[in-house]
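# Reading the structure
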Amino acid sequence: MKKVITLCLFVLLAMTASAQKFALVDMDYILKNIPAYELANKQLNQMGEKWKAEIDSINNKASVMYRNYQNEMTFLSQQQRSSRQQAIVSVEKRASDLKKKYFGPEGELAKERESLMSPIQNQIYKVVKDICELHGYSLVVDRASNSGIIFGSPKIDISNEVLRKLGYSNNKY
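These lines cover the structure that appears in this document, whether it is placed above or below. Since we're looking at a predicted model, the values are computed, not measured. (Residues numbered from 1 in each chain as written. Predicted model: local features only at pLDDT ≥ 70, side-chain atom pairs only at ≥ 80, totals over all residues. Heavy atoms only, no water.)

### Some words on the environment of K52
We count it as follows: Every helix listed is a DSSP run of H or I at least four residues long, and every strand listed is a run of E at least two residues long, numbered separately from the N terminus.
Following the sequence through the fold, K52 ends up in helix α3 (residues 35–72). Sequence separation between K52 and F103 is 51 residues, and the spatial gap between their C-alpha atoms is 9.0 Å.

### Regarding the side chain of D26
Cut-off, in case you're wondering: Polar contacts, as used here, are pairs of N or O atoms within 3.5 Å; protein pairs need one atom able to donate a hydrogen and one able to accept it. Residues neighboring in sequence count only if both atoms are side-chain atoms.
Position of D26 among the secondary structure elements: in the loop between β1 (21–25) and α2 (27–32). Separated by 3.2 Å, the side chain of D26 and the backbone nitrogen of D28 make a polar contact.

### What about the packing of α3 against helix α4 (residues 78–103)?
Selection rule: Axis angles are defined between N-to-C directions and span 0 to 180 degrees, where every axis is a line fitted to C-alpha atoms and, for a helix, only to the segment in contact. For classification purposes, an angle smaller than 35 degrees is called roughly parallel, one larger than 145 roughly antiparallel, one from 65 to 115 roughly perpendicular, and anything else oblique. Throughout, a crossing is termed right-handed when the near helix is turned clockwise from the far one, and left-handed when it is turned anticlockwise from it by less than a right angle.
Between α3 and α4, whose axes approach to 10 Å, the crossing angle comes to 165°. Taken together, the axes of α3 and α4 lie roughly antiparallel to each other. Once α3 is placed against α4, the crossing between them reads as left-handed.

### Some points on the packing of α3 against helix α5 (residues 108–135)
To keep it simple, the criterion reads: What makes two residues a contact is simply this: any of their non-hydrogen atoms within 4.5 Å. Note that Gly is not counted as nonpolar here; it falls among the polar residues with everything else outside the nonpolar set of Ala, Val, Leu, Ile, Met, Phe, Trp, Tyr, Cys and Pro and the charged set of Asp, Glu, Lys and Arg.
It is the contact of α3 with α5, at a shortest axis distance of 10 Å, that shows an interaxial angle of 175°. As summarised for this structure, α3 and α5 are arranged roughly antiparallel, according to the angle between their axes. Contacts from A36, Y37, A40, N41, Q43, L44, M47, G48 and W51 in α3 reach E108, L109, E112, R113, L116, M117 and I120 in α5. For the contact of α3 with α5, the residue count by class is 10 nonpolar, 3 polar and 3 charged.

### Quick notes on the nonpolar core
Going by this rule: For the purposes of this section, nonpolar cores are sets of buried Ala, Val, Leu, Ile, Met, Phe, Trp, Tyr and Cys residues that join through side-chain atoms within 4.5 Å. Buried, partly exposed and exposed residues are distinguished by accessible area as a fraction of the type maximum, computed with a 1.4 Å probe on protein chains only: under 20%, between the cut-offs, and over 50%, respectively.
I30, I34, I124, I158, V162 and L166 are the most contacted members of the largest nonpolar core, which totals 30 residues. Within the residue set of this core, elements represented by two or more residues are β1, α2, α3, α4, α5 and α6 (159–166). For this core, the leading source of residues is α5, giving 8 residues. Filtering out sequence-adjacent residues up to four positions away, L166 remains in contact with I30, I34, Q123, I124 and V127.

### Some points on the pattern of salt bridges
To be explicit about the condition: Should a side-chain nitrogen of Lys or Arg be within 4 Å of a carboxyl oxygen of Asp or Glu, the pair is scored as a salt bridge.
This model, assessed by the stated rule, comprises 4 salt bridges. Close ionic contact of K52 with D56 constitutes a salt bridge, the shortest N to O distance being 3.0 Å. Residue K52 and its partner D56 are located together in helix α3, separated by 4 residues, close to a single helical turn. Assessed through its relative accessible area of 32%, D56 is described here as partly exposed. One salt bridge connects K93 with D97, and the closest N-O pair in it is separated by 3.0 Å. Here D97 and K93 lie together in helix α4, a separation of 4 residues that amounts to about one turn. Judged by its relative accessible area of 49%, K93 falls in the partly exposed class. Judged by its relative accessible area of 39%, D97 falls in the partly exposed class.

Here it is in structure tokens:
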């Protein structure tokens, strides 16, 4: 339904502003052809895997502690049970806190992604803006996003022009 509304809005906009020019870009295509983006993604994945392994290790420790607690529970005093339960909860909380620290919305991975990807995205934005000003485009739509574009003529796709101006030449389109 959202796609239909977006498409209707786009068609209505196109009809009312027939004198305006439109262009398409394929951000996925552009980003895949920028080595710095691929390198940044690789670094982010490596960091994520390292942090995930650290969290998994702590979670495994908590699981082992819990299994041991269950096996020995009948032999423990109330104080020992309480002490073990607190230790298990403490280890689980540590894993949860690390997960939030690394992968939360304000976490290390988000900060790292921002620092690695922002310069690339800003550079692409500047080039797209320059191309728009040069050719008089009023609107540029990313065909790779979920925008509801059913068809876009290759004639108005400026992805290769963006890559050329960024210093990467690729003619797959």
